[in-house]
Structure formats: structure tokens, C-alpha cells
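Fold and geometry: a report
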Amino acid sequence: MRDDPTVVGLVELARHGDAQAWDDLVARYAPLVWAICRRYGVGGADAEDVAACVWLRLVERLDTIREPAALPGWLATTVRRECLALLRSRRRQVLVGDEFGLDTVDDPAFEDLLLTQERHIALRAAFDNLPEHCRRLLTLLFDDPPAPYAEISSSTGTPVGAIGPTRRRCLDKLRSDPALAAVAGAEQP
Amino acid sequence: MNDDEILAALAAARHSASDVPERIREIGRSAFAWRTVDAELAALTPDSAVGARAEPAAVRALTFAARDLTIEVEVTDDALHGQVVPPRRGEIELRDRSGVVAVAQVDDVGWFVLGPLPRGMFRLHLHAGDAVVVTEWITI
């Protein structure tokens, strides 16, 4: 994620009042916000309050963000802090256990979640950069089990024999996306 | 990652995005309307005692710092008692996500009282002479 030029550009545009750029930032990071809420068992109206707080803080910080690449980390920390504040205020009212590590600073599971979410963000961004025929083909292949080639062929107009090679070319293109190369390289299995 | 792995990872990434309730995105999009371009942001200083575990009757102190002034606030059971430092006359608003919920005059020594106590997120919006300052959003 370090030098994702898309994020830098979106932050810059949003800073100058471009609402579409802001919407794109929201679409990009909403899954991160949601995943962290879920991690702390925060859902429904509580999650909406946490999200409102986090988005508003991000809006007011647009002008002062110096390193847009650090945005996912900042967002994750802010969502986590709001979730923990919410859980603590609950604990004052009713007995809540410490299963989320409310009193601990280090949380390796949280770090893992952040890494996974950063990889997801990069994968979705790289996917969105693919040509339309690739996006259509890969979407059909996501199904588990994947749709039969004959079916894919009839719905995309790609000959059955060309599906395998097209799939490979599309995935190569995906892999070479700069945003994805940065995160995928960082954690080879 | 080989082709199958990256395809599986991509499917998981897309799946985690489709799990997000639409309200979370809507709230995000509408937050942009709260952008304040004409006011200076006063940040909560780190020594503010917000979020500390306090007894219900305890007084909590918040300090918001802008370039040329600070807004100090004590949270009591029923109101926000504050002071603008250095003192200057003006008008201060209590705003929540729905808009302005209370207005108070800031007197000659910088004092103001805003009530009732806000529930949920709020911020203060100060007009004092040619200074326009908004605090960051907080929840008490």
C-alpha cells in the first residue's frame, strides 16, 4: 500500500472539494471499517455510530494528511479506538468480559486483520483496474465451484479453448498492478 | 501466489466488500458535507481527560487547541462549562450530526455555558471577532 498513487490522488482531489473522490475513498475503505467493527462484535446502530465518527474525523483531517499511504493504518486505529471506547462504556453499565483485550495495547490478531484488509483493498483496486472482459471472466470464475467453461463461454462469447489462456493473462495483469505488487511481495506464503 | 491462490484471494476480497451494510457507506458519503473549509480546526490535546473511566459525578476536562487560542471545557452532569483562552467575546455553538443544538454567548472573560449535555458525537463552533474555530468531533 505504501505508495499507492490512487489514494494520494483521491485525497488530493477530496481536499479540494471533489465529492466523487471522497465517495471513492469511502467505497475503498468501508470494508476495513466494517471488518474491524465485526472483530469487536460491534454491529447495527453501534457500528453506524462508530463509522460516522470515523468518517467525520477523516473529513476534518483531509487537509492535514501528509502521507495518504498511511491512511489504512490510521483508519484501523481510529475504528478500533472507537469500538473499544464503546465497549468500555458498556462495561461500565453491565459486566462485559475482556475477550477483546480492552485493557491490552498489543493485539496480534488485530495486526493480522489489518494486513488481510490491506491486501483485500489492494486486490479490489487492482481488479477495478482490469479491462472489462477480464473482470467479467474472473467474476464468473469466483463461484465455488467455478461455473463450467461451457457456461462461461456462452455468457462471455469467449471460445472454451481461450478461457484458460485468457484467465492466465488477466491474472498476470492483476498481479502486475503496482498496488498489489507492494502488498503481495511483502508476505509471500 | 499462483493463479488459483490469487483467484481465491480476489474472491475473498470481493466477498468482504459485499458484506458491508450499505448504511456504513451512506454515512461515509454524507460525512463529506461536514467539511469545514472556512474554520480553523482545534484539536483535542493529549492531556485532556476524555474517555478516562470516571465516576458519574466527576468533572472531566477537555482542552482544544487552535493556533492562537484554546477552548477549555469542563463536562459536568448537565452542561459544558467552558472558557476561551485568551479571553475574547464571541458566540459559541454546540453542533451534533443533525446541526446546531445550542448557542451561547462567550463573555468578556471568555466564559460560556452550553447545555444540556450532548449525547453522542458533538463539536463546538466558535465565532470570536474574525476568528472562526471548530473543535474536532468528540463523544463524552
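Before any of the text, the structure's been laid out above.
Report follows, based on the coordinates.

Cut-offs applied
- Residues numbered from 1 in each chain as written.
- Chains lettered and ligands numbered in written order.
- Predicted model: local features only at pLDDT ≥ 70, side-chain atom pairs only at ≥ 80, totals over all residues.
- Buried ≥ 20, exposed ≤ 12 C-beta atoms within 10 Å, placed from the backbone.
- Helix = DSSP H or I, 4+ residues; strand = E, 2+ residues; numbered from the N terminus.
- Pairing = 2+ DSSP bridges.
- Expected span 1.5 Å × (residues − 1).
- Contact = placed C-beta atoms within 7 Å.
- Nonpolar A, V, L, I, M, F, W, Y, C, P; charged D, E, K, R; others polar.

This brings us to the pairing of strand E4 (residues 80-85) of chain B. All names here are of chain B. A one-sided burial pattern is seen for E4, the buried positions being Leu 80, Gly 82 and Val 84 and the unburied ones His 81, Gln 83 and Val 85. Relative to E4, strand E3 (residues 70-75) is paired through six bridges, and the arrangement is antiparallel. Note that in E4 the partner of Thr 70 across the bridge is Val 85. As defined by bridge partners, E4 adjoins strand E7 (residues 111-114) across four bridges and the pair is classed as antiparallel. Paired with Gln 83 across the strands is Trp 111, a residue of E7.

A few words now on helix H8 (residues 160-175) of chain A. The end-to-end C-alpha distance of H8(A), which contains 16 residues, comes to 23 Å, matching closely the 22 Å that a straight helix rising 1.5 Å per residue would cover. Listing the buried residues of H8(A) in full gives A:Arg167, A:Cys170, A:Leu171 and A:Leu174.

This part takes up the interface of chain B and chain A. Between chain B and chain A, the residue contacts involve 31 residues of the former and 34 residues of the latter. Mapped onto the side of chain B that touches chain A, the elements with two or more residues apiece are helix H1 (3-18) and helix H2 (22-31) of chain B. With 10 residues, the single largest contributor to the side of chain B that touches chain A is H1(B). Classifying every residue of the side of chain B that touches chain A by side-chain character gives 17 nonpolar, five polar and nine charged.

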